[in-house]
Structure formats: structure tokens, C-alpha cells
Amino acid sequence: MSQIELRHLRYFIAVADELHFGRAAERLHISQPPLSQQIQALEAHVGAALFYRSNRSVRLTQAGQVFLTEARQILQRVDDVSAQAARIHRGESGNLTLGLTSSAPFLSRVSSTLHHFRLTYPDVNIRIEQLNSKQQIDPLLEGRLDLGIMRNGELPPELEHHLVLTEPLIAVVHKDHPLNALADGELTFEHLADQPFVFFSKDVGTSLYDDILGQLKAQGITPYITQEVGEPLTIIGLVAAGLGVSILPASYLRIQVEGVRYLRFGNLHGTTQLWLVNHATRPLTAATRTFMALLLHDD
């Protein structure tokens, strides 16, 4: 025997359990003479007798007792590794690294998918990096992110996007602002044209900057930006302080801040999209495919 194979360990364990070559052979569904030959070859390879044999009994030697303990551990380890590989293949184990734009957790579609995935696949290690949409592009290209959940915007050809959902834009105003007097659905972009505007700084590089300002520009509006900040929560805070108005995705309705009111625009008056983005050619892991299927499912 050139090397010990897993089948030799299984033969040995069967004989050690039964302490009878005939019963062990029946258990293994082989005949007794080949089993005896395989055990003899195993002993020759090990260089030690593993069994005491007589016409009436079979017993483990001291070396056999030690070998039995190790053989069981080896087979258990092989079974464990095999099961782990199978779970990874099915997307039930492994690693998943997600890029998440700041507004994504406030969308029930995203939060419920994360919750369901966590409960259903507890052996998948999920690592989340909070990055704005443009900040996710390089990590996706370099393979440091498996998936990006971001706002719509320009992408390099190496990346592909899938529409998760479309949501309306909302106006963010102070609770005492005159625009609160408008009936629901009457508000338009034009109502904000001459208002001091609190918005993202261009240097922050968020896709919402290009998206929202682009929609305003399409209607001939260039907002009077008086305060530029880096985070949407800061925008909401400055509106609460009376420093201006703003426009954000409707997902921020979940953030209730004293002194702020959220006003809906008229129908079809401004929307933004949430995308799921992955590398177009890099193979996806099973865990990645599973998460994508859950997030992109049709309601």
C-alpha cells in the first residue's frame, strides 16, 4: 500500500467497532478476505500491529487504540470540511462584503433582506462598509466589495447594475416654513427655486449631488446653495436650525428630527433609484448570488 487512504481508516474503524472481521465485512458490504488483507496492509504501512488476533477474539493493541482515536478525528474532520464546502457551494456559508450608501438601511426592502439573510444563513460572515455611491466604485473594481448598494449614477463598463427600487424625492423644510401651507401634492421644484438650499458638497462625491441637481437643472432651476455639508443627517439638522431647505430621497422620512417637516412633491415630480452593483466579469460566490436573488426578488 503506497499510502493510507480514507477507505483504510473506515475499514479499520469498522473492525475496531465490531471486533469481528466477519461482522465488519458485512457492515462495509465487502467480503472478509479483502478486508483482512487491507487491514494487514494498513498495519504494514503503519509499522505496528493494530489488532491482537486469535481464533476466538479480536482486540485492539495499545497502538491500535491510539490509532483509532486519531482515525475517528481525521474522518470527522473530513466530514466537517466536506459539509462546509457544500454549504459554501449552496451559498449557506462563506463571506459577503457589501458596500452600503447611507440611505439604504432606511429602506425596508434593504433592511428586511439583510434581516432575512442573517436569519436564514447564519454561517455567512457579512461585512458592511458604509460608503457613498461613488466611493464604492473602486472597491468593486478591485474586488474588495462583492456587491454595492448605491444610488443611480455613472458606472465604468466593468460594473453592472440591477434596479432594486425607485423612490420619490421629498422636500426637507423647517416646521415653520410657509411651504407647509401647500396642500399635499401641490409642491413642485419651482417652489424651492429661490430658497436658500442646504445640500451636499460637490467634493463629497455622492451620486445624489449629480442626480438631484441634474433633475433641477432639467427644469431650468439652479438652486441657491448656501450651506454645503457631507452627510444627509447634517443636512436635516441644518434645516431644523432654519438655515435653508433641501431635497432628499423619501427613505429619510424614517428620520424624525424636531423642527423638520418632510413634504411630498406632486406625482412623478422627481425620483431616485437604488441600484445593486457587481463586477460584470468577476465570478460571483454562491453567497453573493443568494443575497442578490433575495434583494432583487419581485414583491
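For every chain, the first residue of the written sequence is number 1, and numbering continues from 1 onward in sequence order. Only residues with pLDDT of at least 70 are given local features in this predicted model, and only at 80 or more are side-chain atom pairs given and counted; all residues enter the totals for whole chains, interfaces and linings. Remark: hydrogens and water are excluded; side-chain values derive from all non-hydrogen atoms of the structure.

### Notes on the pairing of strand β5 (residues 147-151)
Stage number 1. Per-residue accessibility, obtained with a 1.4 Å probe over protein chains only, is compared with the maximum for each type, and a residue is labelled buried under 20%, exposed over 50%, and partly exposed between these values. Numbering of helices and strands runs from the N terminus; a helix is a DSSP stretch of H or I covering at least four residues, while a strand is a stretch of E covering at least two. Counting buried residues in β5 gives five out of five residues, a clear majority hidden from the surface.
Stage number 2. We call two strands paired when DSSP finds no fewer than two bridges between them. Bridge count for β5 against strand β11 (residues 271-279) is four bridges, and the pairing is antiparallel. The partner of G148 across the bridge, within β11, is V277.

### Focus on the domain arrangement of the protein
Stage number 1. Segmentation of the protein into domains returns domain 1 (6-90) and domain 2 (95-298).
Stage number 2. Note that domain bounds follow an automatic or database assignment of domains. Each of domain 1 and domain 2 has a C-alpha centre, and the two are 60 Å apart.

### Notes on the environment of S201
Stage number 1. Locating S201 in the fold gives a position in the loop between β7 (196-200) and α7 (207-218).
Stage number 2. Linking S201 and A181, residues 20 residues apart in sequence, is a C-alpha distance of 30 Å.
Stage number 3. We call two residues in contact when some of their heavy atoms are within 4.5 Å. Setting aside chain neighbours within four positions, we find S201 in contact with Y209, E228 and V229.

### Some thoughts on helix α2 (residues 21-28)
Stage number 1. All buried positions along α2 are accounted for by F21, G22, A24 and A25. Down the axis of α2, the buried set is contained in an arc of 165°. They therefore lie on one face.
Stage number 2. For α2, the elements touching its buried residues are α1 (6-18), α3 (32-46), β1 (51-53) and β2 (58-60).
Stage number 3. Remark: H29 follows α2 within two positions and exhibits a positive phi of approximately 60°. It is the directions from the helix axis to the C-beta atoms that the arc portrays.

### A look at the nonpolar core
Stage number 1. Ranked by internal contacts, the top residues of the largest apolar core, which has 35 residues, are L192, L216, I247 and F265.
Stage number 2. What I247 contacts, discounting residues up to four positions off in sequence, is L169, I170, F189, L192, F197, F199, I212, L216 and F265. Definition used in this section: a nonpolar core is a set of buried Ala, Val, Leu, Ile, Met, Phe, Trp, Tyr and Cys residues joined via side-chain atoms within 4.5 Å.

### Let's talk about the UniProt feature "domain: HTH lysR-type" (unreviewed entry) in the protein
Stage number 1. UniProt positions are given in the numbering used here, feature names are shortened, and annotations may be inferred rather than shown by experiment. UniProt records the feature "domain: HTH lysR-type" (unreviewed entry) for residues 4-61 in the present numbering.
Stage number 2. Counting secondary structure, residues 4-61 comes out at 62% helix and 10% strand; the distance between its end C-alpha atoms is 19 Å.

### Notes on helix α8 (residues 232-240)
Stage number 1. Here α8 has its buried residues at P232, I235, I236, L238, V239 and A240.
Stage number 2. Packed against the buried residues of α8 are β6 (159-174), β7, β8 (224-229), β9 (246-249) and β10 (260-264).
Stage number 3. In the stretch just after α8, G242 is the one whose phi turns positive, near 85°.

### Let's talk about the packing of aromatic side chains
Within a pair of aromatic rings, the relevant descriptors are the distance that separates the centres and the angle that separates the planes.
Stage number 1. Only Phe, Tyr and Trp rings take part, Trp by its six-membered ring, and two of them pair if their centres are within 6.5 Å. Stacked means planes under 30 degrees apart, edge-to-face means over 60, and tilted covers everything else. In the structure shown here, the tally under the stated rule is 10 aromatic pairs.
Stage number 2. Both rings, one in F106 and one in Y252, keep their centres 5.8 Å apart while their planes meet at 50°; by these two values the pair is tilted. Of this pair, F106 sits in the loop between β3 (93-100) and α5 (108-120) while Y252 sits in the loop between β9 and β10, and the two are 146 residues apart along the sequence.
Stage number 3. A residue is classified by how much of its surface remains accessible, and F106, at 27% relative accessible area, is partly exposed.

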